[in-house]
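Here are the chains, one letter per residue:
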Amino acid sequence: MRCFTWNTLDSNKKSENRIELKGKILASVSWICYFSLVWGNPLARIIAVANQKGGVGKTTTAVNLAACLAAADQPTLLVDCDSQANATAAIGFQKDPARKTVYHALILGEPFEKIFLKSQVDGLDVIPADKNLAGAAVELVLAESREYKLQTFLLPARQKYRFVVLDCPPALDLLTLNALVAADAVLIPIQCEYLALEGVSELLDTLMRIRRTLNPSLEIEGILLTMYDERTSLSRQVATDLRSFFGSQVFQSLIPRNVRLAEAPSFGKPIIFYDIHSKGAEGYSQLAQEVIANAEKRLGTGARSAHSGA
Ligand SMILES: Nc1ncnc2c1ncn2[C@@H]1O[C@H](COP(=O)(O)OP(=O)(O)OP(=O)(O)O)[C@@H](O)[C@H]1O
Ligand SMILES: [Mg+2]
């Protein structure tokens, strides 16, 4: 298995992290690797992290899930679809007006190979964003096939990666629509707080509409409870309500409120490279395990269907 590294860490830290992460994340990877070897690298699963409510943990989830997947030897692409460019910064890219971004992809039709960047995490590439992307949502309005721009752009990425994670803006605009049309599944972070479900029914309506029209195979990857604070009864109550309402669609993994998760972006590092021992790192490592296990199950189902001729 390829070793992952955060390229600026010292070597002791690297090997310490390597051993711990392999233990934490890789437990279930051998089987999926076997399938990859036997049948070649299957097409990437594209997961859009979306919720039009602001500040619920979309970017934190996209960045840390992508980093944990890459650390588990799953070649991963992180696409920043938000003009706030928070995911781009959180993964370690400083502002650079000369850099090509999702804007060049969607509006100027530039190819994937000219835009993707290698991040400092082994196995994790990035399509960055910057503030100009705000104009794309407006400029796309008159474009032909405007909802399919990202899907077309990402075609080469399907062959190259195991997972593609899309960080969506806090709006149901044309950028989010492009992400939901390009995606195989949507991961919905919901903050464990008062009015947690605000906007979620609108998002679910939108997903139904997209399934009827633009992307019939769009699935729900899962609902992720974020910023869970076990000390407050409100958090516990919201988590219980969401689990009883959405049932098995809610991930078992739960992301705690953790100050280390809030600090990590200002160092341009995913949590597993900022503080591997934190509760936040544990939460996102478990989430990556769950996402890999789900992909593994789907592969198994696909294999069984293919075998039975279904
Ligand atoms: N589990 C957590 N514990 C503590 N702080 C968190 C956690 N998750 C996210 N945060 C912090 O909460 C703020 C909002 O998180 P984030 O940017 O991920 O949300 P978002 O949904 O992407 O926001 P937006 O809608 O503006 O794009 C950030 O300052 C982030 O560092
Ligand atoms: Mg965000």
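The preceding data block contains the structure.
Residues numbered from 1 in each chain as written. Chains lettered and ligands numbered in written order. Predicted model: local features only at pLDDT ≥ 70, side-chain atom pairs only at ≥ 80, totals over all residues.

### What about the overall build of the protein?
Along the protein, the regular secondary structure elements total 14 helices and eight strands. Counting all 310 residues of the protein, 44% fall into the buried class. Within the protein, contacts between residues at least 6 apart in sequence are counted, and of these 79% link residues at least 24 apart. (Helix = DSSP H or I, 4+ residues; strand = E, 2+ residues; numbered from the N terminus. Buried ≥ 20, exposed ≤ 12 C-beta atoms within 10 Å, placed from the backbone. Contact = placed C-beta atoms within 7 Å.)

### As for the nonpolar core
With 86 residues, the main nonpolar core has Leu-78, Val-164, Leu-166 and Ala-179 as its most contacted residues. In contact with Val-164, other than residues within four places in its own chain, are Ala-44, Ile-46, Leu-77, Val-79, Leu-154 and Ala-157. (Core = buried A, V, L, I, M, F, W, Y, C linked by C-beta atoms within 7 Å.)

### Looking at the site of ligand 1
Every one of the 20 residues lining ligand 1 counts as a neighbour, but Gly-54, Lys-58, Thr-59, Thr-60 and Pro-170 are closest to it. Of all the secondary structure elements, the ones that give two or more residues to the shell around ligand 1 are α3 (58-71), β7 (219-228) and α12 (259-263). If you tally residues by element for the shell around ligand 1, the top one is α3, at three residues. (Near = placed C-beta within 6 Å.)

### Notes on the pairing of strand β5 (residues 163-167)
In terms of residue burial, β5 counts as a mostly covered element, since five of its five residues are buried. Pairing geometry for strand β1 (residues 45-49) and β5, over five bridges, is parallel. Counterpart to Arg-45 in the pairing with β5 is Phe-163. Both strand β2 (residues 76-80) and β5 contribute to a ladder of five bridges, which runs parallel. Each residue of the ladder has a partner; that of Thr-76, found in β5, is Phe-163. (Pairing = 2+ DSSP bridges.)

### Comments concerning the sheet that holds strand β4 (residues 124-127)
Spatial ordering of the open sheet is given by β3-β4-β2-β5-β1-β6-β7-β8, a layout of eight strands whose pairing is mixed. Since the sheet does not close on itself, it has two edges, and those belong to β3 (117-118) and β8 (250-256), each with one partner. In terms of strand pairing, strand β6 (residues 185-191) meets β7 through seven bridges, oriented parallel. Bridge pairing in β7 links Val-186 to Ile-220. Sitting on the sheet, helix α9 (residues 174-182) touches β1, β5 and β6, and the angle it makes with β1 is about 150 degrees. Each of β6, β7 and β8 is contacted by helix α11 (residues 233-246), which is oriented at about 170 degrees to β7, the strand it contacts most. (Axes fitted to C-alpha atoms, helices over the stretch in contact; angles between N-to-C directions.)

### As for unusual backbone geometry
The phi torsion at Asp-73 lies on the positive side, around 65 degrees, for a residue other than glycine. On the secondary structure map, Asp-73 appears in the loop between α3 and β2. Its 22 C-beta neighbours within 10 Å are what place Asp-73 among the buried residues. One non-glycine residue, Ala-85, adopts positive backbone phi at about 55 degrees. Relative to the helices and strands, Ala-85 resides in the loop between β2 and α4 (86-90).

### Section: the pairing of β6
Taken across its seven residues, β6 has six buried, putting it largely inside the fold. Here β1 pairs with β6 via three bridges, running parallel. Each bridged residue has a counterpart across the sheet, and for Val-49 the counterpart in β6 is Leu-187. Between the parallel pair β6 and β7, the chain is carried across by helix α10 (residues 200-212), and the sense of this crossover is right-handed. (Right-handed = clockwise from strand over helix to strand, strands pointing away.)

### Overview of α3
The end-to-end C-alpha separation of α3 is 20 Å, in line with the 20 Å expected for 14 residues at 1.5 Å each. Counting buried positions along α3 yields 14 of 14 residues, so the element is predominantly enclosed. In the segment just after α3, Asp-73 is the residue with positive phi, at about 65 degrees. (Expected span 1.5 Å × (residues − 1).)

On their own, these measurements won't tell you what the molecule is for.
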